[in-house]
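Given next are the chains, with one letter for each unit.
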Amino acid sequence: MGSRDKEVHNLVDSVPITCHTWNADMTQIALCPNSTVVNVYRKAGSSWSLEAELKQHGQRVLGVDWSATSNQLVTCGADRNAYVWSKGKSGWEPQLVLLRINRAATCIRWSPDGKKFAVGCGARLISVCYFEEEHDWWVSKHIKKPIRSTILSVDWHPNSVLIAAGSSDFKARVYSGYVKEIEEKPTATVWGKKMPFGQLMAEFSNGGGGWVHSVSFSPSGNKLCWVGHDSSISVVNAEHENAMVTQKMNFLSLLTVNFVTEASIISAGHDCMPYLFGFDAAKDGLSLLHKLDVTKQKSSAGVSSAMDKFRSLDKKATVESSDLECKLQSTHQNSITESRLVGGARGSATGFSTIGVDGLVVVWNFKALESSISGARFS
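Computed from a predicted model, the values in this text were never measured in an experiment. (Residues numbered from 1 in each chain as written. Predicted model: local features only at pLDDT ≥ 70, side-chain atom pairs only at ≥ 80, totals over all residues. Heavy atoms only, no water.)

Peer 1: Even after reading the chapter, I still don't get the pattern of salt bridges, so can you show me in this structure?
Peer 2: Side-chain pairing between opposite charges can occur once the charged atoms of the two side chains come close. Across all of its chains, the model carries 17 salt bridges by this definition. The closest approach of N and O atoms between Lys 223 and Glu 262, which form a salt bridge, is 2.7 Å. Residue Lys 223 is located in strand S20 (residues 223-228), and its partner Glu 262 is located in the loop between strand S23 (254-259) and strand S24 (264-269); the two are separated by 39 residues in the primary sequence. Where salt bridges share partners, they join Asp 65, Arg 109, Glu 338 and Arg 340 into one cluster. (Salt bridge = Lys/Arg side-chain N within 4 Å of Asp/Glu carboxyl O. Helix = DSSP H or I, 4+ residues; strand = E, 2+ residues; numbered from the N terminus.)

Pasting the structure below:
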């Protein structure tokens, strides 16, 4: 079901969804229904059918990502393991990754070139994993300093070398993930010239006390955005000597953020509502522009029905079960836990998807949102 600006799918019977990812052409989606299993669905016309269940993890899956380059899936979980899944003739085949960690793996992302991926964990480190052809296995290198707590999110720079990480020590950091064994020496960026593996390129704090739930590079890689548990959103512009701007919101904290273009950002979280933010690079200004889920107007009959409810309560000492239901005036009925750009990479995406504790997968279309919301622009 859905409307002109969004498609709403309930694939897991309202079970909370932990994480999700799409294949390159959006004909398949992989998601975790808050369990040890990852479900892979395939689109057939306007409906979705379960194609495979990836069962390898011993504890809850916390991260999943689909490489647009190699068509491989990676998963990680609370069992401290990560697997690379490749589609073979007999189905999806897993290969264990040597993470060498002693705490839960919390987040995972492929690099844009598909040669490696980064895994954040509760062991206060980032594992940068790559395939070692000589021994035919996936190995990892560790980035440790100066991380003081759990890594909650990671994101790759467009050059597939730099990694942004958000942590529960209230910091957002940019590291070098250059692996000399599999790639050429990187060229200089606005974040720095020398990039040996594990080099801390930048470290930021908004001055508050919020865990950094999500980080995102801009399409050029010259800006970094993150959201914190103190209901804040921050942007750093490396082109302007790491000038930073922070906005404290008057609603519940944001959990996920994505740069859409150099000037537009989408974010969502405990408020059950996606928001559009604008960034003015010339002034290093950040502002909340629009709610992207238009509030439904209550009918005028609501007054009389409320009066009828109290009359019924007074006469019969009971109320109808429908009267006790509380429905939010938004598509998602519980926290939005993750968002993903769809229909293209950053800078060319046609929309974004959100998942939530309510078990819904919602796909939002940028052009339709621009038509339905006056002044909204994603380009």
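Back to the write-up after that little detour.
Peer 1: Any chance you could explain the pairing of S20 here in plain terms?
Peer 2: Two faces, one strand: in a regular strand the side chains alternate between the faces of the sheet. Here S20 lies mainly inside the structure; six of its six residues are buried. Across the two faces of S20 the burial is the same, with Lys 223, Cys 225 and Val 227 and Leu 224, Trp 226 and Gly 228 all buried. Inspection of the sheet shows strand S19 (residues 212-217) paired to S20 by five bridges, in the antiparallel sense. Within S20, the residue paired with Phe 217 across the bridge is Leu 224. The hairpin formed by S19 and S20 contains five residues between the paired strands, and Gly 221 there has a positive phi angle of roughly 85°. Taken together, S20 and the strand that follows it, strand S21 (residues 232-237), pair antiparallel across an intervening segment of three residues, in which Ser 231 is found at a positive phi of about 60°. (Buried < 20%, exposed > 50% of the residue type's maximum accessible area, 1.4 Å probe, protein only. Pairing = 2+ DSSP bridges.)

Peer 1: What is the right way to read the environment of Leu 224 from this model?
Peer 2: Examined against the element boundaries, Leu 224 turns out to sit in strand S20. Taking relative accessible area as the criterion, Leu 224 reaches 0% and is therefore assigned buried. Counting along the chain gives 60 residues from Leu 224 to Ala 164, while the straight-line C-alpha distance between them is 8.0 Å. Sequence-distant contacts of Leu 224, defined by excluding residues within four places in its chain, comprise Ala 164, Val 174, Trp 191, Phe 204, Val 215, Ser 216, Phe 217, Ser 234, Val 235, Val 236 and Phe 259. (Contact = heavy atoms within 4.5 Å.)

Peer 1: I'm lost on a positive patch on the surface in this one. Help?
Peer 2: On the surface, Arg 80, Arg 103, Arg 124, Lys 145 and Arg 148 cluster together to form a positively charged patch. Mapped onto the fold, Arg 124 is located in the loop between strand S12 (116-121) and strand S13 (126-132). (Patch = residues over 30% accessible without salt bridge, like charges linked within 9 Å, V, L, I, M, F, W, Y side chains within 5 Å. Areas by Shrake-Rupley, 256 points an atom, 1.4 Å probe, with all protein chains shown as cover. Lys, Arg positive; Asp, Glu negative; His and termini not counted. Charge placed at Lys NZ, Arg CZ, Asp CG, Glu CD.)

Peer 1: How should I be thinking about the packing of aromatic side chains in this particular structure?
Peer 2: The description of an aromatic ring pair rests on the distance of the ring centres and on the angle between the ring planes. Under the definition given, this model contains 14 aromatic pairs. When the centroid spacing of 5.6 Å and the interplanar angle of 80° are considered together, the rings of Trp 66 and Trp 92 count as edge-to-face. Here Trp 92 lies in strand S10 (residues 91-96) and Trp 66 lies in strand S7 (residues 61-66), a separation of 26 residues in the sequence. Taking the centre distance of 5.8 Å and the plane angle of 20° together, the rings of Phe 204 and Trp 226 count as stacked. With Phe 204 in strand S18 (residues 200-204) and Trp 226 in strand S20, this residue pair connects regions lying 22 residues apart in the sequence. Residue Phe 204 is classed as buried on the basis of its relative accessible area, which comes to 8%. One aromatic cluster in this structure is built from Trp 110, Phe 117, Phe 131 and Trp 138. The ring of Phe 197 has Lys 141 sitting right over it, with the charged end atom 5.5 Å from the ring centre. (Phe/Tyr/Trp six-rings, centres within 6.5 Å; stacked < 30°, edge-to-face > 60°. Lys NZ or Arg CZ within 6 Å of the ring centre and 35° of its normal.)

Peer 1: Quick question: what am I supposed to make of the side chain of Thr 75 here?
Peer 2: Assignment of secondary structure puts Thr 75 in strand S8 (residues 73-77). Within the local environment of Thr 75, its side chain forms a polar contact with the side chain of His 57, the two groups lying 2.8 Å apart. For Thr 75, the contacting residues outside a window of four places in its chain are Val 38, His 57, Gly 63, Val 64, Asn 81, Ala 82, Tyr 83, Trp 85 and Ile 108. (Polar contact = N/O pair within 3.5 Å; in protein donor to acceptor, adjacent residues only side chain to side chain.)

Peer 1: Looking at this structure, I do not really get the nonpolar core. What am I missing?
Peer 2: One recurring pattern in soluble globular proteins: nonpolar side chains tend to sit buried together. Core analysis: the largest hydrophobic core is formed by 18 residues, its most contacted members being Leu 162, Val 174, Trp 191, Phe 204, Val 215, Leu 224 and Trp 226. At the level of secondary structure, the elements contributing two or more residues to this core comprise strand S16 (162-167), strand S17 (172-176), S18, S19 and S20. Within the second largest apolar cluster, 17 residues are counted, among which are Cys 121, Ala 123, Cys 129 and Trp 138. (Core = buried A, V, L, I, M, F, W, Y, C linked by side-chain atoms within 4.5 Å.)

Peer 1: I would appreciate a short explanation of the side chain of Ser 140 in the present structure.
Peer 2: By the element assignment, Ser 140 lies in strand S14 (residues 137-143). Within the structure, the side chain of Ser 140 is placed 2.7 Å from the backbone oxygen of Leu 98, a separation counted as a polar contact.

Peer 1: Before we go on, may I ask you to explain the sheet that holds strand S3 (residues 19-22) in this structure?
Peer 2: Within a sheet, adjacent strands bond to each other through the backbone by hydrogen bonds, running parallel or antiparallel. Here four strands make up an open sheet; going across it, the order is S3-S4-S5-S6 and the pairing antiparallel. In this open sheet, the two edge strands, each paired with only one partner strand, are S3 and strand S6 (47-55). The average undirected angle you get between the axes of adjacent strands in this sheet is 20°. Strand direction decides the pairing type here: strand S4 (residues 28-32) and strand S5 (residues 37-44), joined by four bridges, are antiparallel. In the sheet register, Ile 29 faces S5, and the bridge partner there is Tyr 41. (Axes fitted to C-alpha atoms, helices over the stretch in contact; angles between N-to-C directions.)

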